Every structure is written in C-alpha cells, then in structure tokens.
Amino acid sequence: RRPPRSTQGVSSAASDVYKRQILYRACKVMSHELGHMFGLKHCVFYSCAMNGSNHMEEASTRPLYECPVCLRKLQLAIGFNIVERYKALQIVCSSFGNSFGEDAKWYQLRVADIEKSLSKIKKVKTVSYTHLRAHETSLHLVCRLLL
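My aim in this report is to walk through the structure given alongside it, one point at a time.

Conventions used here
Residues numbered from 1 in each chain as written. Predicted model: local features only at pLDDT ≥ 70, side-chain atom pairs only at ≥ 80, totals over all residues. Heavy atoms only, no water. Helix = DSSP H or I, 4+ residues; strand = E, 2+ residues; numbered from the N terminus. Contact = heavy atoms within 4.5 Å. Salt bridge = Lys/Arg side-chain N within 4 Å of Asp/Glu carboxyl O. Buried < 20%, exposed > 50% of the residue type's maximum accessible area, 1.4 Å probe, protein only. Arc of directions from axis to C-beta. Expected span 1.5 Å × (residues − 1). Polar contact = N/O pair within 3.5 Å; in protein donor to acceptor, adjacent residues only side chain to side chain.

## What to know about the overall build of the chain
Within the chain one finds 6 helices and 0 strands. Sequence-distant contacts, at least 24 apart, represent 39% of the contacts inside the chain between residues at least 6 apart.

Here is the structure:
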C-alpha cells in the first residue's frame, strides 16, 4: 500500500484538480458498490458503472451511469422513476462543476431523449371488453379467453 500523495509544494489549482479527481473516482466506486448492495452483478453488456475492473485504467474508463440493462435491474430492485432519477443526478453532477460536467451533460441529454420519446406516444383511451364486443366485426375479432 502506498502512502497518500502529499500536496505540499503543489499549487492550489493543481491541488483542487487532484481533489476533484479523487471525488470523481470515489463516486464511481461508490456507485458501483451500491449496485452490488442492491443485487447487481458485474455487467458484460455495455459500458456501465457495473463493469468490473482489475486495474486503474479499466476503472477510469468505466462511466458513472448504468447501462439500460443494469438500470432496469436496479429499477426493479428498488423502484424509481427514471426521468426523475436522471434529473436529480444531473443537478448533483452540475453542482460539482467541471469534474462531473460530462456526466451532467449525459443525464441532461438522456432526459431530453426520454421526454421526446414519451411525447410521441399517443394517449390511448381504455375501453371495456363489452364495448369491444359491441363493435366486433368478422374482420376485427376480439380475443376471447376461455375461463
């Protein structure tokens, strides 16, 4: 184990960059380990916070966010609204400034994509089975289940 780096003799700007880098890495590790606490295994599907890493280079290329597969598993495990979660994470990442700037932008773009997709979905009015049967024709048959 190596002793922690000393910041003596280092400019305050360099020291701040080093502190932000440590914070960013710590958040990546915490995000990954919290995923394990909620039952997620290492991801092999996409670039994801749940990817395993054997050395610093692999860990540094791992993103802060989960891939769609792991996000869905996490959602099933603890239950949350993805858009609300992404908005909250975008605010948190923005509050840390440049260290989390790319991640804040990523969350912002995902929210915009999801909201754009949701706006395209037509709102469907639900109708009763009796209503469907009343309008049934030989071309448009209503599925009948044998009970």
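## Some details on the pattern of salt bridges
Opposite charge on two side chains makes pairing possible when the charged atoms of those side chains draw close. The tally for this structure, following the rule as stated, stands at 3 salt bridges. Arginine 85 is the salt-bridge partner of glutamate 66, the closest N and O atoms lying 3.3 Å from each other. Here the residue glutamate 66 occupies a position in the loop between helix H2 (56–61) and helix H3 (68–78), and arginine 85 occupies one in helix H4 (residues 82–95), the gap between them amounting to 19 residues. Across the pair lysine 87 and glutamate 115 runs a salt bridge, and its minimum N-O distance is 3.1 Å. Placement of lysine 87 in helix H4 and of glutamate 115 in helix H5 (residues 101–120) is noted, with a sequence separation of 28 residues between them. Glutamate 115 sits in the partly exposed class, given a relative accessible area of 36%.

## Considering the side chain of serine 31
Here serine 31 is to be found in helix H1 (residues 12–37). Taking the relative accessible area as the measure of exposure, serine 31 reaches 18% and is therefore buried. Once residues within four sequence positions are removed from consideration, serine 31 is found in contact with Ala49, Met50, Leu64 and Glu66.

## Overview of H3
Listed as buried for H3 are Cys70, Leu71, Leu74 and Gln75. All buried residues of H3 fall inside an arc of 140° around its axis, so they share one side. Exposed positions of H3 whose direction lies more than 90 degrees from the buried face are Pro68 and Leu76. Residues of H3 that are buried sit in contact with H4. Positive phi shows up at glycine 79, right after H3, with a value of about 70°.

## Observations concerning H4
With 14 residues, H4 should cover 20 Å at 1.5 Å per step; its first-to-last C-alpha distance of 20 Å lies within 8% of that length. Taken together, the buried positions of H4 are Val83, Tyr86 and Cys93. Buried residues of H4 fall within an arc of 90° about the axis and therefore sit on the same side. With respect to the buried face of H4, the exposed residues turned more than 90 degrees away are Glu84, Ile91 and Ser95. Close packing links the buried residues of H4 with H3 and H5. Two to three positions downstream of the cap, the backbone nitrogen of valine 83 sits 2.9 Å from a side-chain oxygen, assigning the N-cap of H4 to asparagine 81. Looking one or two places after H4, you find glycine 97, whose phi comes out positive at around 80°.

Just distances and angles here, no functional claims.
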